[in-house]
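# Observations on the model geometry
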Amino acid sequence: MNKKSEHMFESMLVIGFAILFLILFYIFRFDKNILKVLSLVITLFYVSWGIIHSAREARLAPSVVLEYLLFGLAGYSILYLALSF
Amino acid sequence: MSNMKLEKNPTIIKNWRNNPKAIDKFRFMYHFLPKEQEKTRAGLLSHKAIIIYCLLIVLIAGIFRLIPMVFPGVLGYASNINIEDLLSYTNNRRKQSGLSELRLNRKLSIAAEKKASHMFDKNYWAHISPDGVEPWDFILDENYDYIYAGENLAKNFSDSDDVVEAWMESPSHRDNLLSPNYDEVGFAVVNGVLDGYETTLVVQLFGRPREKGQVASVFQEQDLLKELNQSKTEVAVSVPPNGGPDYSLSEKESISKEIPDSAPSPSSVSMTNTSSENEPLIDVAMATRGISIAFGGFISSLLALDVWYSKRKGILKFTGHTFAHITLLFLVIFFVWFVLRPGVIL
């Protein structure tokens, strides 16, 4: 697998998981406790994916890890606000 | 803008005396566009900025928790729920499962209304009240002599179909809704203030009278529905500023009971509320959804601008995957806007 198709595969992985999480969100749309757990799982998945992806592309640095952590946290905060009320 | 930054942009230094507007524009745009010299994201996408967004969101959530304690009833959940729809959706679900339709019963409806009012009065959200009053007590108070009885509760919903759908999604509530043991049902849809939030409580009580001949007729049901459609009430309640504890037996559990022994006592409560159009000053569900989408939209727009501008100017930055960040934020926005529904069942 060349670098371009590898990059494409990893991008498709993110989209695939996004669709999967959306389906799970729909299934549990009335259960806010499960939705809160799912939000946390998405955040953890995203940060892990970001770190692995950066490591595979030899771009892993503390600032990049911090960026994935912060964007994951931003996504979680937005979901938390919407799920809290 | 610091001197160092100005020094890095010779065009601006050259013309700034003649064109101060250009400096202002540069100062403003500088926060939105990637930095060519430093090869980093825009100031509004810096790590510090993202931390500030997260803190702002937490602060907003805190304010929305604090307002009901200081000004009860200002925040709330808008709803347009009515008993006719609740009955219709419930019976549609039963018909789809090959079960008989439930008849709307006056006594069960009065008991449901008393239960809802009791929850507002005592500021609790549970099948059994803090002082130990059970759903069966309300049913027996109405002289409803039953073999089987059950209760489903809902709050903060905006539509009748969402309420029934939420009950159907929960196994224990679905068991009540689709139980062949019940012949009759009673509903109450009551507006009031619970835990400082203006909200609508929905109480659904199921029952099978001891004698089959006691089941309400179609005509009685039609009369009752007409009566219910003519009246509306609002329950005014005093709420402790810090809200009340949750006394629920176990979260997300419906409740049912078989064959009581105690003797019922007569009731003097008149039927009133039933359809609810609740309009609080600020609809907290809509407000939080709006704020969430605004934050998500703002950050993803900045990221899209980042991609476009970097490509145009050939800026190569050592950052994370922008496309992945946008995907995450789109997922969050899509979920909050299209999937998430307000409401809690018990």
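Residues numbered from 1 in each chain as written. Chains lettered and ligands numbered in written order. Predicted model: local features only at pLDDT ≥ 70, side-chain atom pairs only at ≥ 80, totals over all residues. Heavy atoms only, no water.

### Comments concerning the overall build of chain A
Our working definition: Here a strand is any run of E in DSSP of at least two residues, a helix any run of H or I of at least four, and the numbering for each starts at the N terminus. The buried label applies to any residue whose accessible area, calculated with a 1.4 Å probe on protein chains only, is under 20% of its type's maximum; exposed applies above 50%, and partly exposed to all values in between. Charge convention: Lys and Arg are scored as positive, Asp and Glu as negative, and His as well as the terminal groups of each chain are ignored. The atom standing in for a charge is NZ when the residue is Lys, CZ when it is Arg, CG when it is Asp and CD when it is Glu.
A tally of helices and strands in chain A yields three helices and zero strands. Each helix and strand of chain A, placed in order from N terminus to C terminus, yields the pattern α-α-α. Here the C-alpha coordinates of chain A stretch approximately 45 × 25 × 15 Å along the principal axes. Buried positions account for 45% of the 85 residues belonging to chain A. Of the charged side chains in chain A, 7 are positive and 5 negative; the average position of the first set lies 6 Å away from that of the second.

### A short note on the environment of Leu-66 of chain A
Tracing the backbone shows Leu-66 of chain A in helix H3 (residues 62-83). Given a relative accessible area of 37%, Leu-66 of chain A falls into the partly exposed group.

### Some words on the layout of surface pockets
How we decide: The pocket and cavity definitions rest on a 1 Å grid over protein atoms only: a 1.4 Å probe that fits but cannot leave marks a cavity, an open set with protein on both sides within 12 Å along at least five of seven lines marks a pocket, and residues lining either have an atom within 4 Å of a point. Grid points are joined across faces, edges and corners, and a volume is the space filled by probe spheres set on the points. Just so you know the grouping, Ala, Val, Leu, Ile, Met, Phe, Trp, Tyr, Cys and Pro go in nonpolar, Asp, Glu, Lys and Arg go in charged, and all remaining residues, Gly too, go in polar.
Space inside the second largest pocket adds up to approximately 520 Å³. Breaking the lining of the second largest pocket down by element, the ones donating at least two residues are helix H2 (32-56) and H3 of chain A together with helix H11 (284-313) and helix H12 (322-339) of chain B. Looking at the lining of the second largest pocket, the element that brings in the most residues is H11 of chain B, giving four residues. Considering only residue class, the lining of the second largest pocket consists of six nonpolar, eight polar and five charged.

### Some remarks on the pairing of strand S4 (residues 146-155) of chain B
The side chains of a regular strand alternate between both faces of the sheet. Residues and elements named next belong to chain B. Stated precisely, the cut-off is as follows: Two strands form a pair only when DSSP identifies at least two bridges running between them.
Taken across its ten residues, S4 has eight buried, putting it largely inside the fold. Relative to strand S6 (residues 197-209), S4 runs antiparallel, the two sharing nine bridges. The residue bridging Ala-154 from the neighbouring strand is Val-202, located in S6. Where S4 and strand S10 (residues 344-345) come together, two bridges link them in antiparallel fashion. The residue bridging Lys-155 from the neighbouring strand is Val-344, located in S10.

### Regarding the pattern of salt bridges
So the rule is basically this: Salt bridge criterion: a side-chain nitrogen from Lys or Arg within 4 Å of a carboxyl oxygen from Asp or Glu.
Applying the stated criterion across every chain yields a total of eleven salt bridges over all chains. Residue Lys-95 of chain B is joined to Glu-101 of chain B by a salt bridge in which the shortest nitrogen-to-oxygen separation is 3.4 Å. Glu-101 of chain B sits in the partly exposed class, given a relative accessible area of 43%. The residue Lys-115 of chain B makes a salt bridge to Glu-151 of chain B at a minimum N-O spacing of 3.1 Å. Here Glu-151 of chain B lies in strand S4 and Lys-115 of chain B lies in helix H6 (residues 106-122), a separation of 36 residues in the sequence. Looking at Glu-151 of chain B, the relative accessible area reads 0%, which means it is buried. Through salt bridges that share partners, Glu-67 of chain A together with Arg-41, Asp-306 and Lys-317 of chain B make up one connected network.

### Examining the packing of aromatic side chains
Condition: Two rings belonging to Phe, Tyr or Trp (six-membered ring only in the last case) form a pair when the distance between their centres is within 6.5 Å. Interplanar angles under 30 degrees mark stacking, angles over 60 mark edge-to-face geometry, and anything in between is tilted. A ring is considered to have a charge above it if a Lys NZ or an Arg CZ atom is located within 6 Å of its centre and within 35 degrees of its normal.
Considering all chains together, one arrives at 17 aromatic pairs over all chains under this definition. Look at Trp-308 of chain B and Tyr-309 of chain B: their rings are 6.3 Å apart centre to centre, the planes differ by 55°, and that puts the pair in the tilted class. With a relative accessible area of 48%, Trp-308 of chain B lands in the partly exposed category. By relative accessible area, Tyr-309 of chain B is classed as buried at 13%. Cation over ring: Arg-65 of chain B sits above Phe-85 of chain A, and NZ or CZ is 4.5 Å from the ring centre. Above the face of the Trp-337 of chain B ring, Arg-289 of chain B is positioned so that its terminal group lies 5.2 Å from the ring centre.

### Some thoughts on the interface of chain B and chain A
Test applied: Between two residues, a contact is recorded if the distance between any of their heavy atoms is within 4.5 Å. Here a polar contact means two N or O atoms within 3.5 Å. Within protein one must be a hydrogen donor candidate and the other an acceptor candidate, and residues neighboring in sequence count only if both atoms are side-chain atoms.
Contact residues are listed per partner, giving 49 residues for chain B and 42 residues for chain A. The partner of Glu-165 of chain B in a salt bridge is Arg-29 of chain A, with the nearest N and O atoms 2.1 Å apart. Counting across the chain B and chain A interface gives eleven residue pairs in polar contact (both at pLDDT 80 or more). Broken down by secondary-structure element, the contributors of at least two residues to the side of chain B that touches chain A are helix H4 (47-70), helix H8 (160-169), H11 and H12 of chain B. Here the element with the most residues in the side of chain B that touches chain A is H12 of chain B; it accounts for twelve residues.

### Thoughts on the packing of helix H1 (residues 3-27) of chain A against H12 of chain B
Let me state the cut-off plainly: Fitted lines through C-alpha atoms give the axes, limited to the stretch in contact for helices. The angle between two N-to-C directions lies from 0 to 180 degrees. By the definition adopted for this analysis, an angle is roughly parallel if under 35 degrees, roughly antiparallel if over 145, roughly perpendicular if from 65 to 115, and oblique otherwise. Take the far helix as your reference; a near helix turned counterclockwise from it by less than a right angle gives a left-handed crossing, and one turned clockwise gives a right-handed crossing.
One way to put it is that H1 of chain A packs onto H12 of chain B with a least axis distance of 10 Å and a crossing angle of 15°. Regarding the angle of H1 of chain A to H12 of chain B, the classification is roughly parallel. As for how H1 of chain A packs across H12 of chain B, the hand of that crossing is right-handed. Only Phe-323, Thr-327, Leu-331, Phe-334, Phe-335 and Val-339 of chain B of H12 of chain B make contact with H1 of chain A, whose side of the interface consists of Ser-11, Val-14, Ile-15, Ala-18, Phe-21, Leu-22, Phe-25 and Tyr-26 of chain A. Residues belonging to the contact of H1 of chain A with H12 of chain B are distributed by class as follows: twelve nonpolar, two polar and no charged.

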